Every structure is written in structure tokens, then in C-alpha cells.
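# Fold and contact review
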Amino acid sequence: MTAWRVEEPEPISALEKGIVLTSYGSRGIVALESGVRLACKYRRSVGRPICGDRVITAMTGDREGMVEEILPRDNVFARADSRQRKQLVASNLDQVLIVIAPQPEPSLDLIERYLVASHSLGVNPALVLNKAELHQASTETQDPQPPLARLESYSVLGYPLATTSCKGPPGIGAMQDLLHNRTSILAGQSGVGKSSLINGVIPDLDLQTGALSRATGKGIHTTTTTTMYSLPDGGDLIDSPGVWEYGLWQLSQPELEQGFIDFLPHLGQCRFNNCVHKTEPDCAVKEAVEAGEIRPWRHHAYLRLLSQSC
């Protein structure tokens, strides 16, 4: 994304490409290729763009634009609503950073839900353990409980893991390394410290937020709206509102099993083509669990999600 600027913008051509920085209702703010932040309406025939969408805009007068076309998306990130329907959050991502912390403690299958969602949507997931000072203190007095006790296992599976603290060592450098020259979205429960992390990696956050407000002529609620920001060393970071519990939309059983990357070498080797790896005989996945090739708790998580989302 082109670096933003605050000075008075130059005249804008009739049609220009841009990226949606934030979207609310039937309006949003688009960063044009020239660097201008432009408040836009959405043409009904086009639909409603989401944060990260590449669009084509046209001027309609009074320094306001109209989104004329949403260009094809590379991928999307989504969450489920209360009826388990898929709600699109952002698009054209390189990765989703799943932020967890000792407080609030993540629920048993929270990480698995995020991982399954990321894989099904074609976005690379990474884990961020924030509030490392609390994690260190808890491990000195007692054994951590799942899923915090299983972080090393996720690393062994190949998921990047950054440990961060906004109050001292190890700082936020490990997360900054993951963000460099990538378009990333931060996802996680309310209270895990996403706002502190964003303030740490974006020193001019207030300036960028002010530029968005000036584009609309009124304040925008960035804490309740998915918003894209430019990173100082290259790349973009999307902040999505925190949720108390991340839910999956309705998935098919094949979609769910594809979200467990340790299952992949064993899929297609079961006795039955429609095996769901539950009670069927000669199940390659269950045999891999018994052989220690798949961790039992991963299989248990899969079975719980199978009963909830399929």
C-alpha cells in the first residue's frame, strides 16, 4: 500500500485504483494509489467491500468517491455470527496473527478454531503469545494449562510463534519480524493486549487515525471497525475488533479435517472413503494417533469441532 500523507491532496483522476482501509455500512475510506485518503460510498450493484479489498473508485463531487468495482480477492478472513453464518472481515492477506495471553485465558479449542478457519480461507496463520511476563510468572508457580501448555507443540507443527510483552522483556521485536513487508491481521479475544501491540508497532497510530477521521469529516470508531494501518518499516497491519469467543461457521467434514495439518499425511488412507475419523474401523488418522504421529489432544479437538460445526 502506498505510504499515506497528510498534506492537501492533488486533484484525483476520474477513475483510480485503491485499497479499502475501513468499511462501515454503505461507506468506507479508500487509500488511492496517489496516497489520498478518500471517503467513498458503495454502489448497490457492486456490494459492500471489506477492509483490504482492492477497488476502483470514481469521483462524485465534493471530494467524495464512489466504489465502482471490487477487484478479485486473493483470500479473505472471516468469523461466524451468532447463527454460525460466515461474516467476512478482511481480504488480500499474507497472514493472520492469532494473539493469545494468560489473561484472559484462552478457551480449550480457541487456537484450533482460528487455525481451521485460517487454513480453510487460504491465509497463513501464526501465533503471538502476549503478556509474556504473566506467562513466565505462572509457569514458575504452577504448570500452565492447555492451550498455553501446548505452544511448543504448535511450533513443532510448523506454526510461527512470537512471544511478546508490552511491559518489558522480551518486548515486541519477534512480532515485528513477522509483520515486515506483509499484510497481516491481528485476531484474538478482547483483553489480550492487541491495542498495546498495535501502538507499539505503529508509532504514528494517532496520526493515521486522525487522517482517517479527516477523510470522513467526522470521527470513526476504530476500536469497533476493522481498520488497516501502514507499518513504518513496510507492510500493513489490520486491526479487527476483539471477540470474547471466536466461532466457526458451518464447515463440511472435509473442510474441517484439512484444517488439521498433522492429519494431512494420513487422509485418503482410511478403509472408508467417507471416514470421519471417529468410530470407523481401519481409520488411518486414529492409527496415527495410537502410533504417536498425531497428538491425542489434537484428535480430541477435531472431534469436538466436528460435533459443533459440521
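Attention here is on the structure that accompanies the text. Bear in mind that the values here come from a model prediction, so they are computed numbers and not experimental data. (Residues numbered from 1 in each chain as written. Predicted model: local features only at pLDDT ≥ 70, side-chain atom pairs only at ≥ 80, totals over all residues. Heavy atoms only, no water.)

This part takes up the pattern of salt bridges. A full pass over the atoms with the stated rule returns 12 salt bridges. With a shortest N-O distance of 2.8 Å, Asp53 and Arg73 are connected by a salt bridge. Highlighted residues: Asp53 in the loop between strand 3 (37-42) and strand 4 (54-61) and Arg73 in the loop between strand 5 (64-70) and strand 6 (76-80), separated in sequence by 20 residues. For Asp53, a relative accessible area of 0% translates into the label buried. Glu245 is the partner of Arg113 in a salt bridge, and the nearest nitrogen-oxygen pair spans 2.1 Å. Of this pair, Arg113 sits in helix 1 (residues 110-121) while Glu245 sits in the loop between strand 13 (236-239) and helix 7 (253-258), and the two are 132 residues apart along the sequence. Given the relative accessible area of 40%, Glu245 is considered partly exposed. (Salt bridge = Lys/Arg side-chain N within 4 Å of Asp/Glu carboxyl O. Helix = DSSP H or I, 4+ residues; strand = E, 2+ residues; numbered from the N terminus. Buried < 20%, exposed > 50% of the residue type's maximum accessible area, 1.4 Å probe, protein only.)

Cis geometry marks the peptide bond from Gln103 to Pro104; its omega dihedral reads -5 degrees. A cis amide bond, omega 5 degrees, links Pro169 with the succeeding residue Pro170. Positionally, Pro170 belongs in the loop between strand 10 (161-163) and helix 4 (173-179). Phi at Lys131 takes a positive value of approximately 60 degrees, unusual for a residue other than glycine. Position of Lys131 among the secondary structure elements: in the loop between strand 9 (124-129) and helix 2 (132-141). Even without being glycine, Asn181 reaches a positive phi, approximately 60 degrees. Note on Asn181: relative accessible area 52%, which makes it exposed.

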